[in-house]
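Per-entry structural report
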Amino acid sequence: MKTIAFVGSNSSKSINKQLALSLIKNKEVEFIDIQNWNVPMYSEDVQINEGFPEAIVSLASEISDASNIIIAVNEHNSNVSAFMKNILDWLSRHSKKIFAEKKILVLSTSNGQRGGLSANEFTVGFCSRNGAETVEGFTFPAFSENFDIENQVISNLEKKKQFETIISNFINK
């Protein structure tokens, strides 16, 4: 059972990437780093005239080969980031039910108390509408208060235990 993970942020200091990498460390999870992808904004004209970007074809193949997918999604202005939305737009055009028969875990964090809830809810809904077998969403609030940036670990022991259990259960289901 193959598990992959990717982060829907193109920020070099992405707290969602830091959280995701800390949670999958020492686990049988393949991390796909899409942070520096230069994928054009989705347009039907671009799709028709230029085809699908190679990066999207590659990610769609990785998704197809995986049973479990972990997506860490960032939030901009109470919504999913434009970068992530663009990746999802391309993926959904590549394969109508891109997440068919996949188990999806959507993680999000922010420095606020909602932990990226709006972006998390959007992504959970998107994955569900695009064929996911099961989708679970979890938020990690107050990142700066609950994460040790220097050591790249969750510093809040209660949250650390909770999220390690979530990840282990998800990977081993």
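1. Some remarks on the pairing of strand β1 (residues 3–7)
- Most of β1 sits inside the fold, with five of its five residues counted as buried.
- Alternating residues of β1 divide into Thr3, Ala5 and Val7 and Ile4 and Phe6, and every residue in both groups is buried.
- Both β1 and strand β3 (residues 68–72) contribute to a ladder of five bridges, which runs parallel. Paired with Thr3 across the bridge in β3 is Asn68.

2. Examining the sheet that holds β3
- Read from one edge to the other, the open sheet built from five strands follows the order β2-β1-β3-β6-β7, with strand pairing classed as parallel. For this open sheet the edge positions go to β2 (30–32) and β7 (134–140), each flanked by a neighbour on one side alone. Strand-to-strand, the axes of this sheet are offset by a mean angle of 20°, without reference to chain direction.
- Along the sheet, helix α5 (residues 117–129) contacts β3, β6 (103–109) and β7; its crossing angle with β7, the most-contacted strand, is approximately 170°.

3. Quick look at the pairing of β3
- Most of β3 is tucked away: five of the five residues are buried.
- Both faces of β3 are covered, namely the face carrying Asn68, Ile70 and Ala72 and the face carrying Ile69 and Ile71.
- Bridge count between β3 and β6: five bridges; the pairing is parallel. In the strand pairing of β6, Asn68 is matched with Lys103.

4. Points about the nonpolar core
- Phe6, Ile63, Ile69 and Phe99 are the most contacted members of the largest nonpolar core, which has 30 residues in total.
- Every element with two or more residues in this core is listed here: β1, α3 (54–65), β3, α4 (82–94), β6 and α5.
- By residue number, the principal contributor to this core is α4, which donates six residues.
- Excluding anything up to four places from it in sequence, Phe99 contacts Ile63, Ile69, Ile71, Ile104, Phe126, Cys127, Asn130, Gly131, Ala132 and Glu133.
- Ranked by size, the runner-up nonpolar core spans 20 residues in total, among them Ile24, Val29, Phe163 and Ile167.

Quick notes on the rules
Residues numbered from 1 in each chain as written. Predicted model: local features only at pLDDT ≥ 70, side-chain atom pairs only at ≥ 80, totals over all residues. Heavy atoms only, no water. Buried < 20%, exposed > 50% of the residue type's maximum accessible area, 1.4 Å probe, protein only. Helix = DSSP H or I, 4+ residues; strand = E, 2+ residues; numbered from the N terminus. Pairing = 2+ DSSP bridges. Axes fitted to C-alpha atoms, helices over the stretch in contact; angles between N-to-C directions. Contact = heavy atoms within 4.5 Å. Core = buried A, V, L, I, M, F, W, Y, C linked by side-chain atoms within 4.5 Å.

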